Structures are given as C-alpha cells and as structure tokens.
Amino acid sequence: MTAAIVIQVLPPHTPVWIDLVYLAAAVAFIIALKGLSSPKQARNGNVLAAAAAVVAVVVTFFNPVAQFSHHTTNLVLAIIAMVVGAAIAVPVARMVKMTAMPQLVAIFNGVGGGAAALISIVVFLGDANLHTLGGAKPAVYAITEGMLGLLIGCVSFSGSAIAFIKLQELITGRPITYPGQQVINGLVGVAIVGLAVATVATDSVPLMIATAVLSLVLGVIFVLPIGGADVPVLISLLNSFTGLAVAASGFTLNNNLLIIAGTLVGASGILLTRMMSKAMGRSLSNVLFSAFGSVVTAGGGADGAGETRQVKSGTPEDIGVLLAYARKVVIIPGYGLAVAQAQHTARELADLLMDKGVEVFYAIHPVAGRMPGHMNVLLAEANVPYDELKEMDEANPEMGTADVALVVGANDTVNPAAKNTVGSPIYGMPIINADDAAQVVFLKRSMRPGFAGIDNDLLFDEKTTLLFGDAKDTLSKLVKAVEEA
Amino acid sequence: MTSVLSGDIFIISGTGILEFLTIFILAVFVGNEVVSRVPSILHTPLMSGSNAIHGIVLVGAMIVMGTATGTAQMVLGFFAVLLATLNIVGGFTVTDRMLEMFKAKPGDRAPKGGDDADGAK
C-alpha cells in the first residue's frame, strides 16, 4: 500500500528530449514577442509562436508525466476537449468584427486564467486524496504555488468575463459604484488571503473551494467600478495576471515551459499596462480605483450644459469645400470611426484629397478607440500606409501648420480641458492638439460627451464646425462633396 | 532515486524549487526587455500575441487531464483542456488576423477595390 502511494506521489520525470523541445518552444516565444516589436516581423513571430505551441502540445502526448499511455480514457477525453475547443475558437476568432476585437481578447484571456485555476484545483484534489489515504501532506510551497495559480486564475477569469460584458455593452460601460466599495473590496481581498493561508496550513478541500469562490467574486467587484474607457488598460492587466497564473501552474507541475511563457507574458503585460496608463496621463492605481467617469453621469448635467451653448453645425458641402481647398488636413480618428466601420471611407476621403494635392496624414492618439493601437489596426485593415499614420508626439508639432483638423468620432483625446482646466478629471492626459489647427471639423453622432463623460470646449469654439451623423455616412457625404468641389 | 525509495519523497522537487525560481526571475527580466521598444502601433497585436502565448497552459491542462482520477478530477481536467484550447487556438488566430492587415509596406498602396469585402471576412 505505502509502496504504491510513493510511486504515485512521485511524478514521473519529463525526459530530457521533451524538456529540450519545451526549451526550444520557450525560446521561440521570446523571439516571437521580439518579432511583435516590428511590423515586418510581427506576423512571422506569431506564426513561429503558434508552430512552437503546436510542437510543445504534440510532444506532451508522449510526456510520461501526463501518463497518457496508461490512461486511455483520459487521452480520449483530452482529445475530445481539444477538438471541441478548436472547433469553437477558430470560427469565433475568424468571424468576429474588428471592432469587437477587445472583447475577444478579453474572453480568450479569461479562459486561459480559468484553465490555470482548474489545473490548481485538480492537482490540489489529487494531492488531498493521497493525503487522506495516508500519504504525506504536500510541501507547503507546493500548496502555496497551487493556491497562487488558483487565486490569480479565478480573478482573471471572472474579471475578464465582466470586461467582456462591459465592452459588449450587455451592462453599462460606466463605472458601477456603491458606498464603501473600496473597503468591501479590500475586505474580500483580506478574506481571500486568510482563506488561502488556512488552506495551505490544513490542506482542506472545502477551504480551497471557498478561496476559489471568493476569488471569482473579487474579480467581479474589482472590475465593476472601472469605466468603459479604461477597460483596455484593465484587459492588459488581466492578460498579465493570466500569465502569472500560468507561471504558477508551471511551478505546480514542475514545467519550465509554463514558467517561462507565463512569466514572459506576466512581465511584458505589466509593462504594457503601465505604458497604456501613462498614455492617458494617469497612474495605474488611478485607472483601477478612481471609478473614472462616474461623477458627471451621476450629475446628469452634461447634456443640459451642452444645449445652452452655441455650436456651429455645417453641411457636407461646406466642409467638402473647406477640405478640398486646404493645404494640409489632419484626420484624427476615434472610437466613432471603429463603431461605424468607417476606416475604408476615411481612406477613400484621404486618397481623394491627396489626389487633389492636399497634404493628409492621420494623427493617432495612443488610447484612441478601445485598445492601444486600435486605430492603427483598423486603418491598416483599410490599407492605409504606415507613413501616413503619425503618433501623437510626432503629429502635435505639425498641428499648428494644419488648415483643418478633421476629428472622426473622437472626443476626449482632443479635449483641451486636459491642458487647460486644472481639476478636470482628464487634466494632464496628453491629447492631440486639434485646437492648434486653423479650422476644426468634428464628425460626431451626437452632442453626448465621450467615455470620460466630460464636456469638450473645443466643440463650442468659433473655429469649429460640426457634422452630425454616423461616421461612415458623413464621410461618404464628404467624399461626394470633395469630388464636386 | 535511491533517496526516494528510502521514503524521502520530496528531495527531488525540493531542489527543483530554487531552479524554477531562478528561471522565473530571469524570465521577468527577459519579458521586460523584449517589449520595451514596441511602437504603440503594435500594442494591440502584442497584447493579443502574448495572450496567445499564455495559452501554452494547455500543456499543463493536458498533464492534469492525463493524471486525473475520479469523476471530479476528470470533469475539471476536461474543462481545463477545453478552456486552454480556446485560449491558445483563439489567441493565435485572432493575432494572425490582426497582423494580416499589416501586410502592406510603407508607400505600397494596395488597390482600393475589395477592401470592404475583406472587412467582413
């Protein structure tokens, strides 16, 4: 009896050749991440990582640690799960619109966290079984690793699910707040740590389950107060969390590949998250804990204030003439462009203007849209060449010489309040200086404020003209007007 | 292995933890170094690509599925493999789709026709 237990407790070793394959896969992942730094290498990098992942998965079937050769039922179940997973994932990833990409990344990230949590649970149950059968209690560090994977994985899973629901607009994108929110969240966090410590001390299954449930709750309440505009930063953070959960699974299973891949993603994800909050001119803690954008909504005054002030709205023909006879036009795209799928029409307008000898470029705010680089992805889809895309720092010095700043479905990213109004929630956020251009044209759906929920003084400026409507419609009208001008 | 037979079953993994910790710390630095110079144009594909890479948790899910015993472990292991497959397959597919759009080289203007059809793909 005891001999049998010893054999089961001691997992078989990964043979050297499989460890070498795992090492090669880890190196491929590093090269792939490096490749993603350059537009030319990015696609090759991704293909390389995918190929490495396939090889690593295939050799795992032959890894004695997985014991597939002894457990045919388990093998069959694993294959069924993989086939079903692939059959769901490929069509979803292929069919979803580019505008829904952030949600999709959120959901694929969440399931990864869920998988890491489940790994921890299964290993915990297996060890606990042996423990009750008279085997030794697993080492403290082993349970701790498992509990870390469980905790982080659960938070990432439920947090990503709520992020998905928010971006899909199944619930309001505005921050959801209630009195004492921070205190309650803090208490839940403390309770989780307490439960996790108790679990490590006792190796008790019910305590482990309680920790998992409470971690799922924490993921939900952590994400609720974060507003729609900040969800990209959140997804990046949750992506990093999943990486760390995977690394924890690697520790639990003594697997180098999982440790390296998970840690790479965890470390790079945190760096990316910080770059993103920096682009918004705010600290990460401000993004996560300030319930940004809820204040104005609660007041409900934004719309009322808008109506009392004069805005100048123009006809497509007026604006078409303005654009056709300008020397330099800067197009500033925002989420409205993405929602309307107007990237092709925007390019059509830009090409037409260039044919007429107008200098045109696109000024891209780093957090325009709902993910960093969201605008670049959309415009790349419309085959806009890179040299026409200028990042904020490159575009701003040129704004003063622009005749027209054409703002397509953007608002907060050109709001001068970020520069001028001390005390404004977005004060300090870097913006594209559309107000430096001689004329400003806004293509907007309505007078509603942007995600941040703040009025934009630029809309009321005397050099500003507004054209209301869906971005694709208004751009098409402008194309026609420019052709006729 | 002889120490194992004498009943001291933690010796092997006990020395392992330090090695794993070393790998972990080094990977933190590599992860930071590798993405420190990514242009913001590629932030979304980078996030999506790294999302796919942590899908390698599938290897871990397969290992627990293979060693699962009893209904509870089998069911949970099954879902671990399913979720990890969604992560890895979906992650790489989405990233590829994003990067597909970056094919055009600077100054190389693709014809305008058919763009809208591509968008619906």
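What you see is a predicted model; the values in this text were computed from it and never measured.

Rules used in this analysis
Counting restarts for each chain, with residues numbered from 1 along the sequence as it is written. The order in which chains are written sets their letters, starting at A; the order in which ligands are written sets their numbers, starting at 1. Under the rules for a predicted model, residues below a pLDDT of 70 receive no local features and side-chain atom pairs below 80 are neither given nor counted, while totals for whole chains, interfaces and linings still include all residues. Fitting a line to C-alpha atoms yields each axis, with helices limited to the stretch in contact; the angle taken between N-to-C directions then spans 0 to 180 degrees. Where helices and strands are cited, they refer to DSSP runs of H or I of at least four residues and of E of at least two residues respectively, numbered from the N terminus. Working rule for angles: under 35 degrees goes down as roughly parallel, over 145 as roughly antiparallel, 65 to 115 as roughly perpendicular, anything else as oblique. Helix crossings fall into two classes, left-handed where the near helix is turned counterclockwise from the far one by less than a right angle and right-handed where it is turned clockwise. The contact criterion used here is simple: two residues whose C-beta atoms, placed from the backbone, lie within 7 Å are in contact. Confidence per residue, as judged by the predictor, is encoded in pLDDT with a range of 0 to 100. For the domain bounds, the source is a domain assignment made automatically or taken from a database. A pair of strands is considered paired only if DSSP assigns at least 2 bridges between the two. Any residue outside Ala, Val, Leu, Ile, Met, Phe, Trp, Tyr, Cys, Pro, Asp, Glu, Lys and Arg is labelled polar, Gly included; the first ten of those are nonpolar and the last four are charged.

### Here's the deal with the packing of helix H2 (residues 16-35) of chain A against helix H3 (residues 39-60) of chain A
Residue and element names in this part refer to chain A. It is at 8 Å that the axes of H2 and H3 come closest, and there the two elements cross at 160 degrees. Regarding the angle of H2 to H3, the classification is roughly antiparallel. When you trace H2 past H3, the crossing you get is left-handed. Across from Ile 18, Val 21, Tyr 22, Ala 24, Ala 25, Ala 28, Phe 29, Ile 31, Ala 32 and Gly 35 in H2, the residues of H3 making contact are Gln 41, Ala 42, Asn 44, Gly 45, Asn 46, Leu 48, Ala 49, Ala 52, Ala 53, Val 55, Ala 56 and Val 59.

### Side note on the confidence of the model for chain B
Residues and elements named next belong to chain B. Per-residue pLDDT for chain B averages 77, and the proportion of residues at 70 or more is 69%. Of all secondary-structure elements in chain B, the lowest mean pLDDT belongs to helix H6 (residues 115-119), at 37, while helix H4 (residues 57-67) reaches the highest, 96. Segment residues 1-14 is flagged for pLDDT under 50; beyond a separation of four residues in sequence, or across chains, it makes 11 contacts in the model. Predicted confidence is poor over residues 104-121, with pLDDT under 50, and the contacts of this stretch with residues over four places away or in other chains come to 20 contacts. Across the whole predicted complex the pTM is 0.78, and at the interface the ipTM reaches 0.79.

### A closer look at the domain arrangement of chain A
By a widespread convention, an interface's size corresponds to the accessible area lost as its parts come together. Partitioning chain A into domains gives domain 1 (12-95), domain 2 (100-292) and domain 3 (310-484). With centres defined by C-alpha atoms, the gap from domain 2 of chain A to domain 3 of chain A works out at 38 Å.

### A look at the sheet that holds strand E4 (residues 404-408) of chain A
Hydrogen bonding along the main chain pairs the strands of a sheet, whether they run parallel or antiparallel. All names here are of chain A. The parallel open sheet is built from six strands, whose spatial order is E3-E2-E1-E4-E5-E6. Either end of the sheet is taken by a strand with one partner, and the two such strands are strand E3 (389-391) and strand E6 (464-468). Across the sheet, the axes of successive neighbouring strands diverge by a mean angle of 25 degrees, strand direction being ignored. Bridge count for E4 against strand E5 (residues 439-444) is five bridges, and the pairing is parallel. Residue pairing for E5: Val 407 is matched across the bridge by Phe 442. Relative to E5, helix H20 (residues 471-484) is tilted by about 130 degrees, and along the sheet it contacts E4, E5 and E6.

### Looking at the interface of chain B and chain A
Contacts between chain B and chain A engage 87 residues on the former and 106 residues on the latter. When contributions to the side of chain B that touches chain A are tallied by element, the ones reaching two or more residues are helix H2 (11-34), helix H3 (43-53), H4, helix H5 (70-100) and H6 of chain B. The leading source of residues in the side of chain B that touches chain A is H5(B), at 27 residues. Within the side of chain B that touches chain A, the residues separate by chemical class into 52 nonpolar, 27 polar and eight charged.

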